[in-house]
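Take a look at the letters that make up each chain.
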Amino acid sequence: AVCEPKPLQERLPILIGSSGERRGIPLAAKLADEWNAWTSLETFRRKAAVLDEACEAIGRDPATIRRSTQALVELLAPSDPTPEPRRQVLAGTPEQLVDVLGQYGEAGLDEWIVPDDGLPLQQQLELHDRFLAEVESASPTDIFAAIRDRDVLLHHPYDSFSTSVQTFLEQA
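Overview of the structure. Everything numeric here is computed off the predicted structure, so don't read it as measured data.

With that out of the way, let us pick up helix α3 (residues 94-106). Over its 13 residues, α3 extends 18 Å from the first C-alpha to the last, a length consistent with the 18 Å expected when each residue adds 1.5 Å. Listed as buried for α3 are Pro94, Leu97, Val98, Leu101, Gly102 and Tyr104. Angularly, the buried residues of α3 cover 160 degrees about the axis, an arc narrow enough to put them on a single face. The first or second residue beyond α3 is Gly108, which carries a positive phi of 105 degrees.

On to the environment of Pro78, then. Along the polypeptide, Pro78 turns up in the loop between β4 (72-75) and β5 (89-92). Separated by 15 residues in the primary sequence, Pro78 and Thr93 place their C-alpha atoms 6.0 Å from one another.

On to the packing of helix α1 (residues 24-31) against helix α2 (residues 41-58), then. The N-to-C vectors of α1 and α2 enclose an angle of 55 degrees; their axes lie 9 Å apart at closest approach. Compared by their axis directions, α1 and α2 come out oblique. Taken as a pair, α1 and α2 cross one another with a handedness that is right-handed. Taken together, the residues of α2 that come into contact with α1 (itself represented by Ile25, Pro26, Ala28, Ala29 and Lys30) are Lys47, Val50, Leu51, Ala54, Cys55 and Ile58. Considering only residue class, the contact of α1 with α2 consists of nine nonpolar, no polar and two charged.

Extensive coverage of strand β3 (residues 66-70) is indicated by the burial of four of its five residues. Bridge count for strand β2 (residues 34-36) against β3 is three bridges, and the pairing is parallel. Pairing of Glu34 across the sheet is with Arg66, part of β3. Since β2 and β3 lie parallel, the crossover through α2 that links them has a hand, and here it is right-handed. Relative to strand β6 (residues 111-115), β3 runs parallel, the two being bridged by three bridges. The residue of β6 that forms the bridge with Gln70 is Ile113.

Looking now at the nonpolar core. Counting residues in each nonpolar core, the largest one holds 28 residues, and the members touching the most others are Trp35, Leu51, Val73, Trp112 and Phe131. Looking at this core, the elements with two or more residues in it are α1, α2, β4, α3, β6 and α4 (121-138). Tallying contributions element by element places α2 first for this core, with seven residues. In this structure Trp35 touches Ile16, Ser18, Ile25, Ala28, Phe44, Lys47, Ala48, Leu51, Ile65, Arg66, Arg67 and Ser68, once residues within four positions along its chain are discounted.

Let us now look at the packing of aromatic side chains. For the coordinates displayed, the defined rule picks out two aromatic pairs. When the centroid spacing of 5.8 Å and the interplanar angle of 25 degrees are considered together, the rings of Trp35 and Phe44 count as stacked. Like Trp35, the residue Phe44 is buried in the burial classification. By the ring-pair criterion, three or more aromatic residues cluster together here, those being Trp35, Phe44 and Tyr104.

All right, on to the side chain of Gln70 then. Within the secondary structure layout, Gln70 lies in strand β3. Overall, the relative accessible area of 8% leaves Gln70 in the buried class.

Calculation rules
- Residues numbered from 1 in each chain as written.
- Predicted model: local features only at pLDDT ≥ 70, side-chain atom pairs only at ≥ 80, totals over all residues.
- Heavy atoms only, no water.
- Helix = DSSP H or I, 4+ residues; strand = E, 2+ residues; numbered from the N terminus.
- Expected span 1.5 Å × (residues − 1).
- Buried < 20%, exposed > 50% of the residue type's maximum accessible area, 1.4 Å probe, protein only.
- Arc of directions from axis to C-beta.
- Axes fitted to C-alpha atoms, helices over the stretch in contact; angles between N-to-C directions.
- Parallel < 35°, antiparallel > 145°, perpendicular 65-115°, else oblique.
- Left-handed = near helix turned anticlockwise from the far one by under 90°.
- Contact = heavy atoms within 4.5 Å.
- Nonpolar A, V, L, I, M, F, W, Y, C, P; charged D, E, K, R; others polar.
- Pairing = 2+ DSSP bridges.
- Right-handed = clockwise from strand over helix to strand, strands pointing away.
- Core = buried A, V, L, I, M, F, W, Y, C linked by side-chain atoms within 4.5 Å.
- Phe/Tyr/Trp six-rings, centres within 6.5 Å; stacked < 30°, edge-to-face > 60°.

Spatial relationships are all this shows, so hold off on functional conclusions.
Here you go:
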């Protein structure tokens, strides 16, 4: 089939999202340019080690695979009460989020995705801008150059890409 316009890159990168240690992660080691798993920090460290082992078992350099994860974000003021722990919600003051993001970075994370949890586009953009402004300003050091370069993605993980693009175009 004819593909016009041609892609900008030589080939499309492959992202494999899986936390399965028997099939998914070994498949990512074999084929992926990026591996993604929705994990806590502790689980990310453990699953990343499984990915490293799977890469080494097939002779691939683990550093050739980008690593990403995601979590909902709840920005708190210092006077706000600490919320009850919930599955994959990072809640805290900007300073606390900087600390957690730094720990993810030290664990080898390349990209951190902030899902919007179904928010309308305007609220997504406001959360994105607030997150970038408050978290970056709270950081005394450069935790992720990607945050400064706006490499923090906002999306609803259960929407198809085409639906998200269509919604964006309609609201733009």
